[in-house]
Amino acid sequence: MKSHHRLTQPNSINSYARSAIAAALLILGAALLSVAATNSGGGSKSSAPNASTDNFQKGPALDKSSVIVVLKGDPLSKNSSTKPAPGKKIDFNSTNVKSYRAQLAARRNDFKQWLHTYASNAKVTSQYDISLNAVAVQLNGTSRDTIAGAPMVQQVQYNALYHPDLSESYKIINAAGAWGAADGRSNAGRGIKIGDIDTGIDETHPFFDPSGFSYPPGFPKCDAADSSTHTANHNCEHVTAKVIVAKVFYNKANVQGLDALAVQDHGTHTAGIAAGVTGKTAVVNGVSIDDMSGIAPGAWLGNYNVFPGGVASARSEDILNAVDAAIADGMDVLNLSLGGGYHGNNDLLAIGLDNAVEANVTVAVAAGNSGPGGGTVESPGRARNIITVGASTNQHFVGQPLTYPAVVGTTVGAAVGDFDPLPTDSYNLFDTHSDGCASVSADAAGKLAIIDRGTCTFSQKVANAKQAGAIGVLIINNVAGDPSAMARTAGFDDDIPAVMIGLKEGAALRASGATTASAVATFQEFITPNADILAGFSSQGPTNVDFGLKPDLTSVGVNVLSSISCVGKDITCGGEGSWAFFSGTSMSTPHIAGSAAVLLDLSNKDWSPARIKSELVNRADLVVTDAKTGTHDVGPTAQGAGRENLSHAASGTTWLSPVSAVFGKVPAASAHSVVVTVFNPTGNAQTFTVSKLKFTPSTDPVLSAYGAGSISSGDPRISVVNSFSVPAGGSYDLTVTINPGSTGTVQGWIKLNGPGSNDLHFAYYAHVGP
């Protein structure tokens with residue numbers, strides 16, 4: 001599956017990151033076939049937004065009628081006499097804990113008395129002593145500054161409004177219109193079966209609540225390993241009326257006693273993105289995030305576990321067995337959030353998946369997490385008929401508030417990973433104006449050291465800061481988007497708090513001239529303006545050998561919140577510890593699988609896999625920007641036809657095959673043409689005007705490495721008609737020609753502007769010359 005690699009180098013564009021902000025790590029959730037990923041990056045995991053009208057923030061970010069008031073003194077979780085030992089819990093029955101809780105309660109009473117005397121309108125509404133020594137206060141007209149003036153108060157912050165997390169990604173892909181057409185969000189995808197070929201699905205998780213579902217005829221299905229009587233399709237285990245199949249595919253499964261039980265988290269996460277139900281609330285680091293659901297909440301799920309137990313690598317044999325079984329079981333959509341390093345023309349798994357499409361199964365496959373510069377689109381994502389999915393950013397992350405100047409100033413979000421978060425306190429700042437890799441000045445002693453991301457590991461930077469006497473580290477990101485949750489590297493003396501803020505936020509902090517900052521050790525969700533940035537890890541095309549154009553499109557694959565397995569964990573399933581933020585093309589792919597299920601539902605299963613692919617790809621939004629700066633365009637080998645727009649896809653009336661004009665490698669001496677067929681199943685003729693958009697890669701080597709460049713109108717290197725009509729119920733063969741004498745890479749998009757909103761576009765790509 002995925003070798004879950006943490007980021008240990010700061011400029012990670014090739015590595016995996018998993019952002020499970022609850023427990024502190026971020027692992028890019030992408031699965032590998034049998035090839036381990038390179039762990040060369042450095043803390044890369046984050047998110048983001050920016051572009052179309054469907055990308056919006058839901059309501060205000062703060063409730064300014066109430067505040068959280070942090071009082072002086074450590075909470076139970078931090079005080080030396082009550083903090084539990086590693087692996088243990090706070091012992092609330094111990095004498096030390098009872099005594100210290102009484103002290104904290106007395107301090108809260110002192111604050112309440114101060115309120116009664118100096119701010120009588122303000123009322124305490126909640127009290128905290130475990131993760132935070134604090135109270136919540138309804139202001140009732142009292143100013144925040146007044147509350148901050150109390151002698152026992154350490155810091156005051158307005159209450160944050162916790163916006164939904166996966167609901168943020170549904171806004172970005174514009175799912176609401178399609179949900180409305182499907183008789184509501186909870187019913188979207190009803191009657192459609194999605195097979196998830198992954199690490200298994202924890203059917204007991206509330207995100208797969210079977211209430212309101214019933215088994216379709218012939219289900220449940222299971223293999224002998226998942227039957228209590230060891231008889232296939234009888235007395236099935238690990239199934240419900242929502243998760244209707246449980247099968248394991250591993251050639252040593254019988255010998256090792258393995259079944260489809262979801263021991264690993266990845267499959268439960270991807271399944272939740274595709275088809276988690278509505279009405280559940282996720283809890284991450286104490287932050288409650290409601291309005292959760294997958295893209296197709298009404299769909300059934302099939303658990304095809306090719307990574308059972310602790311198995312980290314699946315063979316093509318096992319995966320193909322799973323594909324065959326899924327087809328035989330009648331799955332409508334397959335999700336494969338996995339990838340491998342094979343790039344040859346004889347990719348049997350890619351061929352098998354292409355054949356699955358021929359069997360009328362829509363297949364979504366991850367492009368891989370090797371880009372840009374670490375490799376091209378991974379196997380089996382190079383298959384022509386499947387939908388190959390790259391990753392672009394979400395528009396949120398969960399972190400701790402950091403305010404500069406201290407207490408009352410500008411508040412930004414700081415991402416927390418393997419290092420401790422900053423304790424609730426005020427800090428003097430020392431800006432190193434460096435990457436901190438060689439050393440950190442002794443002037444940082446007793447201060448929060450500001451260090452740039454880049455060059456060396458996070459642990460190296462933090463260890464150097466600690467040696468200089470710093471009490472904490474604030475890393476400033478060096479790429480666009482939200483900050484990353486940082487991983488630690490063994491062998492460094494780096495046990496001081498360290499957090500990261502974004503590149504733009506770091507620039508603003510420096511420009512402000514602030515010399516102090518304050519932190520609150522309580523997490524919250526930050527809604528940001530960073531969506532539609534290409535994920536730095538997202539693999540890019542063209543494909544090796546045949547110069548194919550992949551990925552086909554992108555979807556949200558950074559900081560995606562979904563369910564994780566509860567198997568073997570001492571937690572309440574559905575509560576804290578059973579949800580996590582993951583990043584990777586593994587997360588963008590089930591967005592597409594779920595979207596395909598919604599389209600199948602809306603079309604009453606009338607749309608073919610080819611049409612579903614076209615409606616998603618050729619009606620995507622051409623809005624994705626580069627990972628380095630977030631301001632430059634990226635080309636078709638990075639974003640395909642753009643970031644998916646589900647509601648636009650659902651309204652499609654015409655479609656294309658193939659979805660792009662791919663020439664491959666051709667000589668320059670003569671003209672070369674490909675045909676894209678435009679299908680019009682409607683009862684009226686459709687007339688389209690045609691225009692061209694040329695993509696020119698940046699000449700800057702750094703930007704070029706991230707796939708950045710510019711888009712301009714027109715491209716004299718190619719020829720295509722200016723307009724055409726497609727008869728009712730008919731088709732039109734649109735010929736795209738590369739003109740003689742063209743050289744180098746010829747790439748861009750052709751736009752087809754039809755009547756009303758019936759607009760499509762498709763990418764073209766050729767390597768011309770030797």
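Structure's up top.
Anyway, here's the lowdown on the structure attached to this text.

### A closer look at the nonpolar core
One finds I194, L301, L616 and L646 to be the most contacted residues of the largest nonpolar core, which totals 48 residues. The dominant element in this core, judged by the number of residues it contributes, is helix 11 (residues 585-602), at eight residues. Look past the residues within four positions of I194 in its chain and what remains in contact with it is A274, A275, A296, A299, W300, L301, G302, M331, V333, A593, G594 and A597. Core analysis: the second largest hydrophobic core is formed by 32 residues, V245, F307, A322 and A350 among them.

### Overview of the state of the cysteines
On inspection of all chains with the given rule, the structure shows three disulfides. Residue C437 pairs covalently with C456 via a disulfide, S to S 2.0 Å. Classification of the bridge connecting C437 and C456 rests on its S-S torsion, roughly -90°, and on that basis the disulfide is left-handed. Of the two residues, C437 sits in the loop between strand 18 (425-431) and strand 19 (448-452) while C456 sits in the loop between strand 19 and helix 9 (458-467), which places them 19 residues apart along the sequence.

### A few points about the pairing of strand 11 (residues 300-305)
Judged by how many residues are buried, strand 11 sits mostly within the fold: six of six residues are covered. Neither face of strand 11 is exposed, since W300, G302 and Y304 on one face and L301, N303 and N305 on the opposite face are all buried. Note: strand 6 (residues 193-198) against strand 11, six bridges, orientation parallel. Residue pairing for strand 11: I197 is matched across the bridge by Y304.

### Brief notes about the side chain of S595
By the secondary structure assignment, S595 is in helix 11. For S595, the side chain forms a polar contact with the main-chain oxygen of H591, separated by 2.7 Å. Ignoring sequence-local partners within four residues, the contact set of S595 consists of I173, I295, L616, E644 and L646.

### Quick word on the pattern of salt bridges
For the coordinates displayed, the defined rule picks out 18 salt bridges. Where R643 meets D621, a salt bridge forms, and the shortest distance between an N and an O atom there is 3.0 Å. You can see R643 sitting in the loop between helix 13 (636-639) and helix 14 (646-650) and its partner D621 sitting in the loop between helix 12 (609-618) and strand 27 (633-634), a full 22 residues away along the chain. Residue R643 shares its accessibility class with D621, and that shared class is buried. In this structure, R717 and D715 form a salt bridge, with 2.8 Å as the shortest nitrogen-oxygen distance.

### Describing the sheet that holds strand 14 (residues 362-366)
If you walk across this open sheet you meet the eight strands as 7-8-11-6-12-14-15-24, and the pairing is parallel. Because the sheet does not close on itself, it has two edges, and the strands there are strand 7 (221-222) and strand 24 (553-556). Alignment of strand 14 against strand 15 (residues 387-392), held across three bridges, turns out to be parallel. Opposite A364, over in strand 15, you have I387 as the bridge partner. Across the sheet, helix 6 (residues 266-275) lies against strand 6, strand 11 and strand 12 (333-336), angled at about 155° from strand 6, the strand it touches most.

### Considerations on the sheet that holds strand 30 (residues 672-680)
In spatial order, the strands read 28-30-35-33; together these four strands make up an open sheet with antiparallel pairing. Lying at the two open borders of the sheet, with one neighbouring strand each, are strand 28 (655-657) and strand 33 (718-719). Two elements, strand 28 and strand 30, share three bridges in a ladder whose sense is antiparallel. Bridging from a neighbouring strand, W655 pairs with F679 of strand 30.

### Description of the pairing of strand 32 (residues 708-713)
In the sheet, strand 27 pairs with strand 32 via two bridges, with the strands oriented antiparallel. Directly across from V634, in strand 32, lies its bridge partner A708. Pairing geometry for strand 31 (residues 686-697) and strand 32, over five bridges, is antiparallel. Of the residues in strand 32, the one forming a bridge with L693 is S713.

Parameters at a glance
Residues numbered from 1 in each chain as written. Predicted model: local features only at pLDDT ≥ 70, side-chain atom pairs only at ≥ 80, totals over all residues. Heavy atoms only, no water. Core = buried A, V, L, I, M, F, W, Y, C linked by side-chain atoms within 4.5 Å. Buried < 20%, exposed > 50% of the residue type's maximum accessible area, 1.4 Å probe, protein only. Helix = DSSP H or I, 4+ residues; strand = E, 2+ residues; numbered from the N terminus. Contact = heavy atoms within 4.5 Å. Disulfide = S-S within 2.5 Å. Pairing = 2+ DSSP bridges. Polar contact = N/O pair within 3.5 Å; in protein donor to acceptor, adjacent residues only side chain to side chain. Salt bridge = Lys/Arg side-chain N within 4 Å of Asp/Glu carboxyl O. Axes fitted to C-alpha atoms, helices over the stretch in contact; angles between N-to-C directions.

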